[in-house]
Amino acid sequence: MRRARTLIAVLFGIMLLSPVHAQKKLTAVEAKEHFGETATVCGAVVSTRYADSSKGQPTFLNLEKPYQNQIFTVVIWGSNRSKFKTPEEDYKDKKICVTGKITAYDGLPEIIADDPKQIRIE
């Protein structure tokens, strides 16, 4: 009986500590309805850009629609870029899921990826 309670307590603790446990899985289109939430957003990376001469040296991964018509963007800041190798090449033309807090930039949803573990190739 004591072992069973200990096992239940451990499993409950793992569920509470797991960042992915209760997150929503959304399409790139659905993300705009979930600003401020932590979720997993999935879609095809149709355009990428490493803006190495811009402030912060961001890398942009646009899902479902290319830049200038983008509907969702994954942003990797230059300070974290070395963790990802060459994300503008590695994720281009692949279906990915990214997990993080959905924020807005100019009214469009984005997730800032600080760690490669946030992005999974489908």
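Shown above is the structure to which this text applies.
In this text the structure is predicted, and so the values were computed from the model without any measurement. (Residues numbered from 1 in each chain as written. Predicted model: local features only at pLDDT ≥ 70, side-chain atom pairs only at ≥ 80, totals over all residues. Heavy atoms only, no water.)

Some points on the pairing of strand β4 (residues 73-76)
Note the threshold: A simple rule labels every residue: compare its accessible area, found with a 1.4 Å probe on the protein chains alone, to the largest value its type can have, and call it buried under 20%, exposed over 50%, or partly exposed in between. Going along the chain from the N terminus, every DSSP run of H or I of four or more residues is numbered as a helix, and every run of E of two or more is numbered as a strand. When DSSP finds two or more bridges between two strands, those strands count as paired.
Side chains of β4 alternate between two faces, with T73 and V75 and V74 and I76 buried alike. Pairing analysis gives four bridges linking strand β3 (residues 59-63) to β4, with the strands arranged antiparallel. Bridge pairing links L61 to V74 in β4. Two elements, β4 and strand β7 (residues 108-112), share three bridges in a ladder whose sense is parallel. Each bridged residue has a counterpart across the sheet, and for T73 the counterpart in β7 is E110.

Focus on the nonpolar core
Our working definition: Take the buried Ala, Val, Leu, Ile, Met, Phe, Trp, Tyr and Cys residues and link them wherever side-chain atoms come within 4.5 Å; each set so joined is a nonpolar core. Any two residues having at least one pair of non-hydrogen atoms within 4.5 Å are treated as being in contact.
Counting residues in hydrophobic clusters, the biggest one holds 19 residues, and the most contacted among them are V41, L61, F72, V74, I96 and I119. Of all the elements in the fold, those that place two or more residues in this core are β2 (38-50), β3, β4 and β5 (95-101). Contacts of V41, omitting those with residues within four sequence positions, involve L26, T27, A28, A31, L63, F72, I96, C97, V98, I102 and I111.

A short note on the state of the cysteines
Here is the rule we go by: Here, the term disulfide refers to a pair of cysteine sulfur atoms separated by no more than 2.5 Å.
Tallied over the full model, the rule gives one disulfide. Each disulfide pairs two cysteine sulfurs, and for C42 the partner residue is C97, the sulfurs being separated by 2.0 Å. Between C42 and C97, the S-S dihedral sits near 110°, and the bridge is therefore right-handed. Pair noted here: C42 is in strand β2 and C97 is in strand β5, with a separation of 55 residues, a long-range link. Neither C42 nor C97 differs from the other in exposure class; each is buried.

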